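# Analysis of the macromolecular model
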Amino acid sequence: MATEGGFNEQCITFGQMNFINSSRFTWRTLTTWIRAYLISRYLGIGTKEVLFSRLYNEFSSYGGMTQLIFGEQFSETFTWLLTENTIALRELVDAQLDGNLAGMERNLLRLYNNAAERARLLAEYNPFWDETTWRELFNAYLDATIQMANSFATGDYSRDVEAYDELIDLTEQIADYYTMGIFQFLTYDPLCTECLECEELSPEQRAEIPIMLRCLTRGQIDAIHEIRMFVYELVGWTRAYLISRYAGAGNAEILLERLDRTVSEFGGMLAYVFGQEAADEIARLSFQYVDLMTSMISAQIEGDAEAANEATRLLYENAAETTSLLAGLNPFWDERVLRNIINTYIQDTIEESTTFLIGDYDRNINVFAQLLRRTETTGNFLALGLYRYIVEQENL
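Residues numbered from 1 in each chain as written. Predicted model: local features only at pLDDT ≥ 70, side-chain atom pairs only at ≥ 80, totals over all residues. Heavy atoms only, no water.

## Quick notes on the packing of aromatic side chains
Using the following cut-off: Only rings of Phe, Tyr and Trp enter the pairing, Trp through its six-membered ring, and a pair is recorded when the two centres are within 6.5 Å. The plane angle decides the type: under 30 degrees is stacked, over 60 is edge-to-face, the rest tilted. The helix and strand labels rest on DSSP assignments: H or I over at least four residues marks a helix, E over at least two residues marks a strand, and numbering proceeds from the N terminus. Partly exposed describes any residue whose relative accessible area lies between the buried limit of under 20% and the exposed limit of over 50%, with all areas from a 1.4 Å probe on protein chains only and scaled to the type maximum. In this analysis the charged atom, NZ for Lys or CZ for Arg, is taken to sit over a ring once it is within 6 Å of the ring centre and within 35 degrees of the ring normal.
Per the stated rule, a full pass over the model turns up 25 aromatic pairs. Taken together, a centroid distance of 6.4 Å and an interplanar angle of 75° make the contact between Phe70 and Tyr125 edge-to-face. One end of the pair, Phe70, is in helix H3 (residues 67–70); the other, Tyr125, is in helix H5 (residues 101–125), and 55 residues separate them in sequence. The class for Phe70 is buried, based on a relative accessible area of 10%. We classify Tyr125 as partly exposed; its relative accessible area is 25%. Look at Tyr164 and Trp237: their rings are 5.5 Å apart centre to centre, the planes differ by 80°, and that puts the pair in the edge-to-face class. Residue Tyr164 is found in helix H7 (residues 160–187), and its partner Trp237 is found in helix H10 (residues 230–247); the two are separated by 73 residues along the sequence. No difference in accessibility class separates Tyr164 from Trp237, as the two residues are buried. The ring of Tyr164 carries Arg35 above its face, with NZ or CZ at 4.5 Å from the centroid. The ring centre of Phe138 lies 4.4 Å from the NZ or CZ of Arg118, which sits over that ring.

## What about the packing of H10 against helix H14 (residues 335–358)?
Quick note on the threshold: Working convention: axes come from line fits to C-alpha atoms, limited for helices to the stretch in contact. Angles between N-to-C directions cover 0 to 180 degrees. Any angle that is under 35 degrees is reported as roughly parallel, and any over 145 degrees as roughly antiparallel; angles of 65 to 115 degrees are reported as roughly perpendicular and all others as oblique. Two helices crossing with the near one rotated counterclockwise from the far one by less than a right angle form a left-handed crossing, whereas a clockwise rotation gives a right-handed crossing. It only takes one pair of heavy atoms within 4.5 Å for two residues to be counted as in contact.
The geometry of H10 relative to H14 is characterised by a closest axis approach of 10 Å and an angle of 20° between their N-to-C directions. Taken together, the axes of H10 and H14 lie roughly parallel to each other. In the packing of H10 onto H14, the handedness of the crossing is right-handed. For the pair formed by H10 and H14, the contact residues are Val231, Val235, Thr238, Arg239, Leu242, Ile243 and Tyr246 on the first element and Tyr345, Thr349, Glu352, Ser353, Phe356 and Leu357 on the second.

## What about empty space enclosed by the protein?
Where we set the bar: For each structure, a 1 Å grid was placed over the protein atoms alone; sets of points admitting a 1.4 Å probe that cannot get out are labelled cavities, open sets with protein on both sides within 12 Å along at least five of seven lines are labelled pockets, and lining residues have an atom within 4 Å of a point. Grid points are joined across faces, edges and corners, and a volume is the space filled by probe spheres set on the points. Ten residue types, Ala, Val, Leu, Ile, Met, Phe, Trp, Tyr, Cys and Pro, are classed as nonpolar, four, Asp, Glu, Lys and Arg, as charged, and the remainder, Gly among them, as polar.
The full count for this structure, using the stated rule, is five cavities of 30 Å³ or more. Taken as a whole, the largest cavity spans an internal volume of roughly 420 Å³. Lining the largest cavity we find 27 residues, and of these Phe230, Val231, Leu234, Thr322 and Ile342 sit closest to its centre. Of all the secondary structure elements, the ones that give two or more residues to the lining of the largest cavity are H10, helix H11 (252–274), helix H12 (276–302), helix H13 (305–329), H14 and helix H15 (361–395). In the lining of the largest cavity, the residues fall into 20 nonpolar, six polar and one charged. Along the wall of the second largest cavity there are 15 residues; nearest its centre are Thr32, Arg35, Tyr164, Gly236 and Phe368. Mapped by element, the contributors of at least two residues to the lining of the second largest cavity are helix H1 (14–43), H7 and H10. Sort the elements by how many residues they give to the lining of the second largest cavity and H10 lands first, with seven residues. Across the lining of the second largest cavity, the residue classes break down as nine nonpolar, two polar and four charged.

## A word on the pattern of salt bridges
Quick reminder of the rule: The rule for a salt bridge is simple: a side-chain nitrogen of Lys or Arg has to be within 4 Å of a carboxyl oxygen of Asp or Glu.
Evaluation of the coordinates by the stated rule reveals 24 salt bridges. Ionic pairing is found between Glu91 and Arg110, a salt bridge with its closest N-O pair at 2.7 Å. Taken together, the residues Glu91 in helix H4 (residues 72–98) and Arg110 in helix H5 connect sequence positions 19 residues apart. Relative accessible area serves as the criterion here: at 30%, Glu91 is assigned to the partly exposed category. On the basis of relative accessibility, which here comes to 28%, the residue Arg110 falls in the partly exposed class. For Glu117, the salt bridge is made with Arg120, and the minimal N-O distance between the two is 2.6 Å. Of the two residues, Glu117 and Arg120 both sit in helix H5, three residues apart, roughly one turn of that helix.

Below you can see the structure in the form of structure tokens.
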């Protein structure tokens, strides 16, 4: 059965899965850099000009990607609207920091008008997108962004985690609506108005299909996505925790609970694929990783080099045990590659903490950007391995 956006939820191919996941990753990254920019403005962590440039370029690149689908004129207009949105956000923050109420009102109106114009443009070029739906999504995203900015401006972090989770949920809604519309736009055939049901294939016939063309259900795709994004979530919430410890922005206990919840959700998705017993063991090691990392951070803050070194040693031991277990569960995950991935994350996170400690915020932002780039590569590695594993299991 086909969804409203054109995907058959019982048969999503590897290419379609990547399309969905890439769109979600792009919007999550945009949101991450918005948050980093706001932190630079309100808390002074990072050079505001450098972070604005990163944010501006991220939106500009996103707009440029649409040229292949909708042409140069659309791409130029859409990119201009996205970059104007970025400039309006900067000027809204300027006005708020200056206590300029008229400037705040003017730029708020500018942001909402920009959202309405983007919604109109998208619906104009793609009949499978609805202008009202886009406007509601953009407005909700803008509302949540403003709420996040206000929490930094006032120092009231009571809803910081909840508000950011809401923003993350919105990024997935926006990305999925975008993806479904693009897919239907590209695959629409005016001579074939009815969706054909998937043909039932025998195990022998299914085995003859090239592995990258076999399909999974929407539930399996969502499980792969959640596992794929685990490292991204871990990197993002670890940074939020670091900021709470070094800059006092945010409640460290609540953020630590959010890190633990990330591990719990990861364990739930692993259970969906590998079973509860294996998932419980991986979750145990992941909770241990978080505990060791927070111990290392505390030791750095307290200047206890011996404790920091011991926590670091135990982190690498944890990595070796984790990679051995994961590779044993899934033959499509190479243990050596997994160990290199986790060891690199440990090194980068330690450097991220160290640069906070010494106040080298320019280097800190570069390390964080490097971590984010690596999460995409890691996510792709995990997703491909999971896809091959699930397909293989269904053929047994």
